[in-house]
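Descriptive structure summary
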Amino acid sequence: MKIALIPGDGIGPDIIEEAVKVINAVGEKKQISFEFITYLAGGAAIDQTGIPLPEATLEGCKKSDAVLLGAVGGPQWDTLPGHLRPERGLLGLRKGMELFANLRPALLFPQLKAASTLKEEVIGDGIDIMVVRELTGGIYFGDRGRNEEGTRSAYDMETYSEPEIDRITRIGFEIAKKRKKKLTSIDKANILETSRLWREVAERVAKEYPEVELHHMYVDNCAMQLIRNPHQFDVMVTSNMFGDILSDEASMLTGSLGMLPSASLGSGKLGMYEPIHGSAPDIAGQDIANPIAAILSAAMMFRYSFEMEAEAVMIEEAVARVLEAGYRTKDIMEKDMKLVGTKEMGSLIAEEI
Ligand code: ATP
Ligand code: MG
């Protein structure tokens, strides 16, 4: 297995090092050998090459089995013109690798209940929701403009084609099939034409997945239901803009930024895996960042790019056991728990494996 590593900026290198430790522990246990190749993107790439996404990075990533990324960006690059910003590196990678689906699990380990914004009785024995967001279409990529004559106006156009909806809802069904077999498609079909087409296509794709139960929900209702009773959801699939908003909402149900992974997928096996948090320059290089989001991103890499479910579960269970044993990094520290640094947390999880 060939893994492209993009440590990136800020705490990126700190946490990627720990994810590699954990991947190697899985390799040792299961006799799988991994080849790691490190590439530049974001601020680190700007400093060394002048641009946020060198060609060698994109080419190398495309030839890999998966890409594991730390985080990019930081205040020292914020004054650069738009096309030279570190985040452009990320967008370029997603576009270049044709990754049109963004998967964001909202996973609350029962050991970390106190961090959640939800009441104890709503949490029950934890939260586990997967938000699948369309990433390369819709209103964020549509025609936009302004009319400056007379009363000023502006517009943003939302367009979705049938193939675009087909491929993203299909990913939703594929994931639902491997989980609790319940998929909720989120739209605003009482108002929007794109949403009505979305529903039609989702219904058609559903015929190929008779084992999965498909539900439809309006986005406004969904925003409310996520807070009221998150357990009614397992996998959610939705458009770019609705997914942007709902995935942030869902992740905050868990309350732990340092714990949440993500994946970006296309039609093939190649995917990019990264924590949802940013580069947190305030704590970079100090051995205090929480590496668990990066480690759980590696678990997603095993699940979706390598199709090694047992190895993904092995990582997730090791994380749960280390939390159960009371070890915490600073960001998730609670009374009577054992405070550990980035490296020790990584080692504990690797040893557990
Ligand atoms: P971005 O703009 O890149 O999305 P952001 O500036 O909104 O990111 P982050 O960089 O994610 O936010 O960090 C916000 C704060 O959260 C950081 O200053 C840091 O204190 C904390 N934080 C983020 N990630 C972690 C982590 N893995 N471990 C510990 N603390 C973290
Ligand atoms: Mg930031």
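Residues numbered from 1 in each chain as written. Chains lettered and ligands numbered in written order. Predicted model: local features only at pLDDT ≥ 70, side-chain atom pairs only at ≥ 80, totals over all residues.

This paragraph deals with the UniProt feature "site: Important for catalysis" (unreviewed entry) in the chain. Those residues carrying the UniProt feature "site: Important for catalysis" (unreviewed entry) are Tyr140 and Lys188 in this numbering. Counting through the fold element by element, Tyr140 comes out in the loop between β5 (127-134) and β6 (144-147). Beyond its immediate stretch of four places on either side in the chain, Tyr140 contacts Asn240 and Met241. Note that Lys188 resides in the loop between β8 (182-187) and α7 (193-206). With 18 C-beta atoms counted inside 10 Å, the residue Lys188 sits in the partly exposed group. For Lys188, the contacting residues outside a window of four places in its chain are Ser195, Tyr218 and Val219. (UniProt positions renumbered as here; feature names shortened; annotations may be inferred. Helix = DSSP H or I, 4+ residues; strand = E, 2+ residues; numbered from the N terminus. Contact = placed C-beta atoms within 7 Å. Buried ≥ 20, exposed ≤ 12 C-beta atoms within 10 Å, placed from the backbone.)

With phi around 55°, Gln31 is a residue other than glycine that occupies positive phi space. On the secondary structure map, Gln31 appears in the loop between α1 (12-30) and β2 (35-38). Of the residues examined, Gln31 has 6 C-beta atoms within 10 Å and is grouped as exposed. Even without a glycine there, the phi angle at Asp336 is positive, about 70°.

Taking the numbering used here, the UniProt-annotated feature "binding site: Mg(2+)" (unreviewed entry) corresponds to Asp220, Asp244 and Asp248. For Asp220, the location among the structural elements is in helix α8 (residues 219-228). According to the C-beta neighbour criterion, Asp220 is exposed, with 12 such atoms within 10 Å. Within the element layout of this structure, Asp244 appears in helix α9 (residues 240-252). Look at Asp244 and you get partly exposed, because 19 C-beta atoms sit within 10 Å.

What follows covers the pairing of β8. Taken across its 6 residues, β8 has 5 buried, putting it largely inside the fold. Pairing analysis gives 6 bridges linking β8 to strand β9 (residues 213-218), with the strands arranged parallel. For Ser185, the partnering residue across the bridge sits in β9 and is His216. Pairing of β8 with strand β10 (residues 235-238) involves 4 bridges; the strand directions are parallel. For Ile186, the partnering residue across the bridge sits in β10 and is Thr238. (Pairing = 2+ DSSP bridges.)

Along the chain, Ser251 turns up in helix α9. Separated by 122 residues in sequence, Ser251 and Ile129 place their C-alpha atoms 9.0 Å apart.

What follows covers the sheet that holds strand β12 (residues 271-275). On the basis of which strands lie adjacent, the open sheet formed by 10 strands has the order β2-β1-β3-β12-β11-β4-β5-β10-β8-β9 and mixed pairing. Every other strand in the sheet has two partners, leaving β2 and β9 as the edge strands with one partner each. The sheet shows a mean angle of 20° between the axes of neighbouring strands, taken without regard to direction. (Axes fitted to C-alpha atoms, helices over the stretch in contact; angles between N-to-C directions.)

What follows covers helix α11 (residues 309-324). Here α11 spans 22 Å end to end across 16 residues, near enough to the 22 Å set by a 1.5 Å rise per residue. Of the residues making up α11, those classed as buried are Glu311, Ala312, Ile315, Ala318, Val319, Val322 and Leu323. Each buried residue of α11 lies within a common arc of 135° when the element is viewed along its axis, so the set occupies one face. Opposite its buried face, α11 presents the exposed residues Glu309, Ala310 and Glu324, each directed more than 90 degrees away. On its buried side, α11 packs onto α1, α10 (292-304), β13 (327-328) and α12 (342-352). Immediately beyond the C-terminal end of α11, within one or two residues, lies Gly326, with a positive phi of roughly 95°. (Expected span 1.5 Å × (residues − 1). Arc of directions from axis to C-beta.)

Among soluble globular proteins, nonpolar side chains are generally buried collectively. Counting residues in hydrophobic clusters, the biggest one holds 104 residues, and the most contacted among them are Val22, Leu68, Val132, Ile295, Ala298 and Ile315. Looking at this core element by element, the count peaks at 11 residues for α10. Other than its neighbours up to four places away in sequence, Val132 contacts Ala101, Leu103, Ile168, Ile171, Gly172, Ile175, Val235, Met236 and Val237. (Core = buried A, V, L, I, M, F, W, Y, C linked by C-beta atoms within 7 Å.)

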